[in-house]
Amino acid sequence: MPNILLVEDVEQLSAVLVDLLEENRYQVEAVSRGDEAVSRAQQRSFHLLLTDVRIPGPRDGVTALEAIQKIQPGIRC
């Protein structure tokens, strides 16, 4: 089953996206910050990264993507 790392800081939107993706048989792990996403990518592999560009914290969506692509070069975004 394909798994997705979702980075979204708006809780309601994140919940809707998780529900929608899980209904379509994807495994979804959702986080709200870029640094959390990088940490999760160090722990396990994902097929797809869906990220908001503007998220709070030391890493926005773009810098999180760049870091995750170094950890998992084959990840799609």
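Everything numeric in this text was worked out from a predicted model, so none of it was measured.

Thresholds applied
- Residue indices begin from 1 for each chain and proceed along its sequence in written order.
- Local features are withheld for residues below a pLDDT of 70 in this predicted model, meaning they are given only at 70 or higher, and side-chain atom pairs are given and counted only at 80 or more; totals for whole chains, interfaces and linings count all residues.
- Note that the side-chain values use all heavy atoms of the structure and ignore hydrogens as well as water.
- A run of H or I in DSSP becomes a helix once it reaches four residues, and a run of E becomes a strand once it reaches two; helices and strands are each numbered from the N terminus.
- Radius of gyration means the value over C-alpha atoms here, while the globule rule gives 2.2 Å times the residue count to the 0.38 power.
- Only protein chains enter the area calculation, which uses a 1.4 Å probe; residues under 20% of their type maximum are buried, those over 50% are exposed, and those in between are partly exposed.
- Counted as a polar contact is a pair of N or O atoms within 3.5 Å, where, for protein atoms, one must be capable of donating a hydrogen and the other of accepting one, and residues adjacent in sequence contribute only when both atoms are in side chains.
- We call two residues contacting when some pair of their heavy atoms lies within 4.5 Å.
- At least two bridges found by DSSP between two strands are what make those strands a pair.
- Here, axes are lines fitted to C-alpha atoms. For helices the fit covers the stretch in contact, and angles between N-to-C directions go from 0 to 180 degrees.

The helix and strand inventory of the protein stands at three helices and three strands. In sequence order, the secondary structure elements of the protein are arranged as β-α-β-α-β-α. Scaling as 2.2 N^0.38, a compact globule of 77 residues should have a C-alpha radius of gyration of about 11 Å, and the protein matches this with 11 Å. When its C-alpha atoms are laid out on the principal axes, the protein stretches across 30 × 25 × 15 Å. Buried residues in the protein amount to 34% of all 77 residues.

A few words on the side chain of Gln72. With respect to the helices, strands and loops of the structure, Gln72 is situated in the segment after helix H3 (61-71). What makes Gln72 buried here is its relative accessible area of 8%. At a separation of 2.9 Å, a polar atom in the side chain of Gln72 contacts the main-chain amide nitrogen of Phe46. Leaving out residues up to four positions away in the same chain, Gln72 has contacts with Ala41, Arg44, Ser45 and Phe46.

Here the focus is unusual backbone geometry. Phi is positive for Arg25, which is not a glycine, with a value near 70°. Mapped onto the elements of the fold, Arg25 is located in the loop between helix H1 (11-23) and strand E2 (27-31).

Turning next to H3. All of the buried residues in H3 are Gly61, Ala64, Leu65, Ala67 and Ile68. Summarising the contacts, the buried residues of H3 are in contact with strand E1 (3-7), helix H2 (34-43) and strand E3 (48-51). Measuring from the side-chain oxygen of the N-cap residue of H3 to the backbone nitrogen of Val62 gives 3.1 Å; that N-cap residue is Asp60.

Strand order in the open sheet formed by three strands is E2-E1-E3, with parallel pairing between adjacent strands. Looking along the sheet, the strands with just one partner apiece sit at the ends: E2 and E3. Put simply, the sheet's adjacent strands are angled 20° from each other on average, direction ignored. Here E1 pairs with E3 via four bridges, running parallel. By the bridge assignment, Val7 is partnered in E3 with Thr51. Packing against the sheet, H2 makes contact with E1 and E2, and its axis sits at approximately 140° to E2.

This part is about the side chain of Ser14. Along the chain, Ser14 turns up in helix H1. Excluding its chain neighbours within four sequence positions, the residues that come into contact with Ser14 are Leu6, Glu8 and Ala30.

Honestly, it's all geometry; don't read function into it.
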